[in-house]
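In case you want the letters, here they are:
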Amino acid sequence: MKVAYIIDRYIPIGGASRTLTTMADSLELEEYQIFCRSIMGTEEVDKKVSVIKNATEILDFCITNNYDLIHWFKAEKVKLITSLLKLRRKRGITIPVITTICQKPSYQNLLLTNIEITDSAALVFIDSASYNDSLYHFLPNTSKRRIYFGTPISIYEEIKAIKRNENNTQQIIFGRGSTDNKIPSDFAEIFKQIDFPNKEFRVYGCNQRRLNEKSIYEKAHIYLYPPQPYKEWIKALSEFDIFLYQLPKNGYSSIDGVISQAMMFEIPVIYYGPSAPAELIENGKSGFIAQNKKELVKICDMLCRDKKKRIEIGRNARERFLKEFNFEKTKTEYMQLYHEVIGNNSPTKVHIPISYRLIKCYRNLYWPIRKELFRFWNRKIKAAIQWK
């Protein structure tokens, strides 16, 4: 089987890009190629990743090399897949397309486009929260799947090989890692409320604006770091005693890879945020899911003082992840889907209600305008400060 994978922007340290590469490399495929419109970052990129100018190059490549399937990974941008699906229609090309939705599909302007819905042989959601999203109630069950992303045993062995920091001091190291837009505005205030004298918080994934304020945060024993290459991040993660992962409640997070990495390291996770990442955790057994910020602080206080509990929760977390989110399940389910779609390339006809079309039209207008207004006022404020 030959599969062409597509992602609009390939980000080597990004969750969707890393997952795509790992999955493509692990599946038993005769051949595969990854196409993108651009690559962000300076990290080393897999040789199978190709930057292309337009969708025509992808379709011509697939036809010339007798590819069986196109698998689209939807993260944020949709320019590349939209042009490809339109061109595929125009030229009457029958190579089936599968769409995997890597973010919350009802978030702001990340909604599925009409052509993604109608021209995908299958829509794959990576968590139950997305699969059951009420905005997509009109999708028939025959056109959608829920497939969790497991972690290959090779990555688990890679993590296992890193000697975990044995913290025999009275200090507790809290830590987290994510892109900066997943860091809530009150994360520092929450940390300050934890009633434990000898603590610090290492926050990875900060943008330059936040890093410019490092010295202010350090007064509260909060240490900020920019995004790290994968291997450096894993080394940093190994030193955490507690993975404190607070996300904005209205965020777009799906199942989160950094939580799974902490679980494989046997680091107890305390989580507060949207529902999807919480699917990884059995509350009170393999981690903690706080229902509010007061409870978040209370759980932190308890774990700081109970080393046996930290060890117990950490071990349960690893066992749960390896059992319930085993990559062999991911491989089996995707290979079954690939064979099913290739053998029956006839997407289920989906009627998109007018209500969805109106919501999408509104979102496509509102969010770009809002973004530009924020940029405009930020420039005005900066100019005013400089003038003074």
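1. Side note on the pairing of strand S1 (residues 2-6)
Most of S1 is tucked away: five of the five residues are buried. The pairing of S1 with strand S3 (residues 31-36) spans five bridges and is parallel. Among the inter-strand pairings, lysine 2 is bridged to a residue of S3, identified as glutamate 31. The sheet contact formed by S1 and strand S6 (residues 69-74) spans four bridges and is parallel. Bridging from a neighbouring strand, tyrosine 5 pairs with histidine 71 of S6.

2. Describing the packing of aromatic side chains
Enumeration over the complete set of coordinates arrives at 24 aromatic pairs. Consider the rings of phenylalanine 35 and phenylalanine 61, whose centres lie 5.2 Å apart with planes at 70°: the pair is edge-to-face. Residue phenylalanine 35 is found in strand S3, and its partner phenylalanine 61 is found in helix H2 (residues 55-64); the two are separated by 26 residues along the sequence. Taking the relative accessible area as the measure of exposure, phenylalanine 35 reaches 4% and is therefore buried.

3. Things to note about unusual backbone geometry
Phi is positive for asparagine 66, close to 55°, though the residue is something other than glycine. Summarising the element assignment, asparagine 66 is placed in the loop between H2 and S6. What makes asparagine 66 exposed here is its relative accessible area of 56%. Phi is positive for histidine 221, which is not a glycine, with a value near 65°.

4. So, helix H15 (residues 327-343)
Residues lying three or four places apart along an α-helix face the same way, a consequence of the helix completing one turn every 3.6 residues. Counted at 1.5 Å a residue, the expected span for H15 with its 17 residues is 24 Å, and the 24 Å between its end C-alpha atoms agrees. Along H15, the residues that are buried comprise Phe327, Thr330, Lys331, Tyr334, Met335, Leu337, Tyr338 and Val341. Seen along its axis, H15 keeps its buried residues to an arc of 160°; they face one direction. Along H15, the residues that are exposed and aim more than 90 degrees away from the buried face are Gln336, His339 and Gly343. In this fold, the buried residues of H15 make contact with S1, helix H1 (15-26), S6, strand S7 (97-101), strand S8 (122-125) and strand S9 (144-146). Of the residues that open H15, the one with a side-chain oxygen 2.7 Å from the backbone nitrogen of glutamate 328 is asparagine 326.

5. Looking at the state of the cysteines
On inspection of all chains with the given rule, the structure shows zero disulfides. Distance from the sulfur of cysteine 102, which forms no disulfide, to the nearest cysteine sulfur (cysteine 36) is 14 Å. Exposure remark for cysteine 102: the relative accessible area of 7% places this residue in the buried category. For the unlinked cysteine cysteine 300, the closest cysteine sulfur is that of cysteine 304, found at 6.5 Å.

Criteria and thresholds
Along each chain, numbering runs from 1 in the same order as the chain's sequence is written. Thresholds applied to this predicted model are a pLDDT of at least 70 for local features of residues and 80 or more for the giving and counting of side-chain atom pairs; totals over whole chains, interfaces and linings are not thresholded and use all residues. Note: side-chain values were computed over all heavy atoms of the structure, leaving out hydrogens and water. Each residue's exposure class comes from its accessible area (1.4 Å probe, protein chains only) as a fraction of the maximum for that residue type: buried when under 20%, exposed when over 50%, partly exposed otherwise. Secondary structure elements are defined from DSSP: runs of H or I of at least 4 residues count as helices, runs of E of at least 2 residues count as strands, and each element is numbered from the N terminus. A pair of strands is treated as paired once DSSP finds two or more bridges between them. Planes of paired rings set the category: under 30 degrees apart is stacked, over 60 is edge-to-face and the rest tilted, where pairs are Phe, Tyr or Trp rings (Trp by its six-membered ring) whose centres lie within 6.5 Å. What a helix should span is 1.5 Å times the count of its residues minus one. Read the arc as the range of directions from the helix axis to the C-beta atoms. Note on definitions: a residue-residue contact is assigned when non-hydrogen atoms from the two residues lie within 4.5 Å. Any pair of nitrogen or oxygen atoms within 3.5 Å is treated as a polar contact; in protein, a donor-acceptor pairing is required on top of that, and neighbouring residues in sequence qualify only through side-chain atoms on both sides. Here, two cysteine sulfur atoms that lie within 2.5 Å of each other are counted as a disulfide.

All we've got here are geometric facts, nothing functional implied.
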